[in-house]
Amino acid sequence: MTDHKESAGTRTLEVLRKQRWWFTRVLVLPVHLFFFAAAVFFLVRMIPGDPVEQLTGGQNVSAAKMEQIRASLGLTGSVFSQFIHYLHNVVTLHFGNSMVDGLSVWGELSQRLPETIELTVIAMVIATALTVVMGLAAVLKPRSILAKILVPYARTAGAIPDFVLGVLGILLFYSTFRLLPAPDGLYAPTLNPDPTVTGFPLLDALFAGDTVMFGSICAHLVLPVAVLVIAYTPLLLKIFLRALEEAVDAPPTRFRIAAGASRKTVLLSVVRRAAPSAVAMMGTLFGFMLGGVVVVEQLFAIPGMGLYGVNAVNSSDRTALEGFLILVATISLVVFLIVDLINMMIDPRRRPGLAKDGAS
Amino acid sequence: MPNDNALAIVEVENVTKEFGNTRAHRKRRPAVDGVSLTIDHATRLGIVGESGSGKSTLSRLIVGLETPTSGRVAYRGLNVHLMTPSVMREFRKNVQMISQDTSSSFDPTRTLRDSVRRPAQELLGVDKSTADALVDETLAMVGIAPWMVDRKPGDVSGGQRQRIAIARSLVVKPALILCDEVVSALDVSVQGTVLNLLKTYCDENQAGLIFVSHGLPATAFVSKDIVVMRNGVIVEQGPVDDVIHHSKNLYTKTLIDAYKGSARPLISKPVARSPLLEEAAR
Amino acid sequence: MSVTISVSDETLTAPAPKVAGRKILAGIWSWAPLYPMAAVFLIAVIGPWIVPLSPTEVAGSPNLPPGGAFHFGTDSTGLDVFSRTIAAFRNDIVIATLTSAISTVGGILLGLLIGMNESRRGLLGWVARFLARVLDLIQAVPAVVIALALVAVVGTSVYSLTIALAIILTPNQARMVRTEVLKVRTDAYIDAARMAGEREFALTLRHVLPNASWPAVENASLVFGSAILITATLGFLGVGLHPPTPEWGSMISTGASDAAVGRWWSFVFPAIALLIAVGSFALAGHRVFGRRSD
């Protein structure tokens, strides 16, 4: 006999319990970010050398000035108070100024971020599309020449050095065949940048109707994107191929075929079965690609975040490095969250803590 | 040292076991719910029930491989889960369980002899050569040649592995043996041998025997009393004859009826020879 | 008429030399996938002693194409590419070997610790779950970025790089072992070991470890390759071993600007050496551990 007079409280709890799987996962994100921020905090403070001396460049400076510099760097007071101060700054996006050129760290990063994101996203979209196409091709026609090339290609996962591909690309397509522009940045140096609407260079060019710029950016992006795609698609392809093979052999699929389902239906169901492992891999893929982007930006002189980070390490620019690391960590964690959530949506078995009512 | 035959070996006192530690999981039925049993040297107890009835969980609780959520399991009066290491050793020496061979009952990276020897070394505290002697003795009991155990588990057949597993448990001369589906995967002809072996051992060594199975004929053969489990609860218990032939419980009766149809004898007649072989022999 | 059958002495001696020889040949051929790796190790050990010219001092005029005394030509600063390519084996191989060893052993121990304890209540359980979370987080961030951060702190010596790489590559090893431990835990022989009176700790080392370590050991050859690649990537970015220490990554980096004007030799040879080094370990690993995992 159900009690129809359930209080609103009980009903809310009921809803919360059912939806628990995704919002617990979301709630955990700030905790992770906190840990990363703490790790960055301690890591940066372990960098050898005295930051104050670095800033003053060995000149003779009064003690009062030193204290002032110290305070501006957030290095006064106990470790605990420094940490609190630091957390406050992180949350309010006050990353300070670069120790090398005095520019605002957040200002620089926020400008470079879209360019890096643009590159990464384009590469990931193409890599994913290629994986799906190649995976299906290899599974549908397992004895074709295509499959014979694709399977060993997938096996090279993670073994192709992106910078080698990049230099090779420059050697072949620029200096030898003159097909692509020089590695001199995101667009031809003679062009003027478009007014910032979105911050994404490609989109800004579109908005401004600047086809020359758009074309130049695309031409300059061909090699960087190609390098990323060729180097990192195998990671995704290998997982997808394996998952597809398992899905094809799985009893539910066989049943579908035996029950006379259409080719298209079976294919769709196979892809649906294989999807979760591939989607899970996309999170890792993003991580690898971000790493690859750092290399590619260096090689092709694209002014993105990666270049900023490398320079920061090279010049021991603590504030810049701090901002860079936190930003990268945040992006990585957010991407992982999204990937996790998508996976939990398509595969209900992956939702943690959900009471399996009914069965077993 | 507590005296032997009069006292119970193991007491199961109102034991309940729930799995899972989130509130959502707890709402499910417990695997074992409020079960009480007294086990001594004279016990010949069969535990039957369908899959999921809780019999395996109960076995594991009795031998101390699971901790009760409520209630307690006591060995000679001492709570199994609060024992000191030395008492625990005595407990393990006296209470042994043999599981169904799921082909992972022996460590694949070690020889069978190493695995059979281990209980003697750990629980009896003897050295390797004494343990070896005990192992050979016990192997003779189960009809396995000593050289066979110098191999790895994958090199012997399932039936042989099951007998070696029995030897492993018997090598320390336990006072209580718990058999969990030990014959379910064996050929019918081998089943008889194994069951007789267990019965003989227990009779000769004054050991208690608990036989857990979802097969009634085998259980009926070795047991004097039977417990019927369903959904973690004991629905009926009593002498074998009463439960099987005069049960008043609807569930038990349905269970038994399922067996009455097949009038297969427990110990089978000699395996029929192929007609071709018969032909060739003439 | 009686027929005499004579048995010549030759047929009585076995095996005939030809068959024995064929067997040895077959044995040599079957282990062939390991030879490149052996060659790589060999060059790593003797490399710096057999190079014709100094890998760190200017030997000739810059930008000379391959030929004559300079088998691989000279780079833009006049250093001999051949000597540097050969000498670079040692650094990368030393780092990669140490890293593989540390991350495999560390990964096994961590995987054991986490896998056996993560579902327990009490302190051990919390520690295990906390460690698992830490390892997950390390894997969330790109390896190159972690490497950058660590290099800023520990510097760029061979040992610093080893530490940084070990931190980056151990979590995956640990994850693989942990997955296996979770499977092995529920095998019957673990309970049988408890029944036999073995204590948890002894049981973990004696039974779980040998049965759950193989994923990490199999993966070690890939860890090797990853270590070499990350070292080279750091070298390429200019945050690796200090120049003029010969290292393929930094060589490729200087070779990049040469490549833009068509001077291919300062880039191609280090690149090939890099690919050979990484590939030889993958090949050897594949041969030793069979086709179980790709």
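Refer to the structure printed above.
Let me begin by describing the structure that accompanies this report.

## A few points about the overall build of chain B
Line of reasoning, step 1. Across its full length, chain B holds 11 helices and 10 strands.
Line of reasoning, step 2. A buried classification covers 43% of the 282 residues belonging to chain B.
Line of reasoning, step 3. Looking at chain B alone, contacts between residues at least 24 apart form 67% of all its contacts between residues at least 6 apart.

## Examining the interface of chain C and chain B
Line of reasoning, step 1. Tallying the contact residues gives 13 residues for chain C and 18 residues for chain B.
Line of reasoning, step 2. Ranked by residues supplied to the side of chain C that touches chain B, first place goes to helix 8 (residues 188-195) of chain C with 6 residues.
Line of reasoning, step 3. Broken down by class, the residue content of the side of chain C that touches chain B amounts to 6 nonpolar, 3 polar and 4 charged.

## Notes on the packing of helix 10 (residues 214-237) of chain C against helix 12 (residues 265-289) of chain C
Residues and elements named next belong to chain C.
Line of reasoning, step 1. In the contact formed by helix 10 and helix 12, the axes pass within 8 Å of each other and the chain directions differ by 170 degrees. In terms of their interaxial angle, helix 10 and helix 12 are classed as roughly antiparallel. Judged by residue contacts, Glu-218, Ser-221, Leu-222, Phe-224, Gly-225, Ile-228, Leu-229 and Ala-232 of helix 10 engage Leu-274, Ala-277, Val-278, Phe-281, Ala-282, Ala-284, Gly-285 and Phe-289 from helix 12.
Line of reasoning, step 2. Per-class residue counts for the contact of helix 10 with helix 12 are 12 nonpolar, 3 polar and 1 charged.

## Focus: the environment of Val-141 of chain C
Line of reasoning, step 1. Among the structural elements, Val-141 of chain C can be located in the loop between helix 5 (123-140) and helix 6 (143-154).
Line of reasoning, step 2. Sequence separation of Val-141 of chain C and Ile-168 of chain C is 27 residues, and the distance between their C-alpha atoms is 9.7 Å.
Line of reasoning, step 3. Those residues in contact with Val-141 of chain C that lie beyond four places of it in its chain are Gly-287, Val-328, Ala-329 and Ser-332 of chain A together with Ile-146 of chain C.

## Points about the interface of chain A and chain C
Line of reasoning, step 1. Chain A puts 41 residues into the contact, and the matching count from chain C is 35 residues.
Line of reasoning, step 2. Elements with a contribution of two residues or more to the side of chain A that touches chain C: helix 2 (20-45), helix 8 (162-176), helix 12 (263-300), helix 13 (305-314) and helix 14 (318-346) of chain A.
Line of reasoning, step 3. Looking at the side of chain A that touches chain C residue by residue, the class counts come to 28 nonpolar, 11 polar and 2 charged.

## Structural notes on the pairing of strand 4 (residues 70-75) of chain B
Where a strand is regular, its side chains alternate between the two sheet faces.
Residue and element names in this part refer to chain B.
Line of reasoning, step 1. Inspection of the sheet shows strand 1 (residues 10-17) paired to strand 4 by 5 bridges, in the antiparallel sense. Bridge pairing in strand 4 places Glu-13 opposite Arg-72.
Line of reasoning, step 2. In this sheet, strand 5 (residues 78-79) lies alongside strand 4 in antiparallel orientation, the contact comprising 2 bridges. Pairing of Tyr-75 across the sheet is with Leu-78, part of strand 5.
Line of reasoning, step 3. Hairpin connection from strand 4 to strand 5: 2 residues lie between these consecutive antiparallel strands, with Arg-76 at a positive phi of about 45 degrees.

## Points about the pairing of strand 6 (residues 95-99) of chain B
Residue and element names in this part refer to chain B.
Line of reasoning, step 1. Most of strand 6 is tucked away: 5 of the 5 residues are buried.
Line of reasoning, step 2. Covered by surrounding structure in strand 6 are Val-95, Met-97 and Ser-99 together with Gln-96 and Ile-98, the residues of both alternating faces.
Line of reasoning, step 3. Pairing of strand 6 with strand 7 (residues 176-180), which is carried by 5 bridges, proceeds in the parallel orientation. Note that in strand 7 the partner of Gln-96 across the bridge is Ile-177.

Thresholds, definitions, all that
Residues numbered from 1 in each chain as written. Chains lettered and ligands numbered in written order. Predicted model: local features only at pLDDT ≥ 70, side-chain atom pairs only at ≥ 80, totals over all residues. Helix = DSSP H or I, 4+ residues; strand = E, 2+ residues; numbered from the N terminus. Buried ≥ 20, exposed ≤ 12 C-beta atoms within 10 Å, placed from the backbone. Contact = placed C-beta atoms within 7 Å. Nonpolar A, V, L, I, M, F, W, Y, C, P; charged D, E, K, R; others polar. Axes fitted to C-alpha atoms, helices over the stretch in contact; angles between N-to-C directions. Parallel < 35°, antiparallel > 145°, perpendicular 65-115°, else oblique. Pairing = 2+ DSSP bridges.

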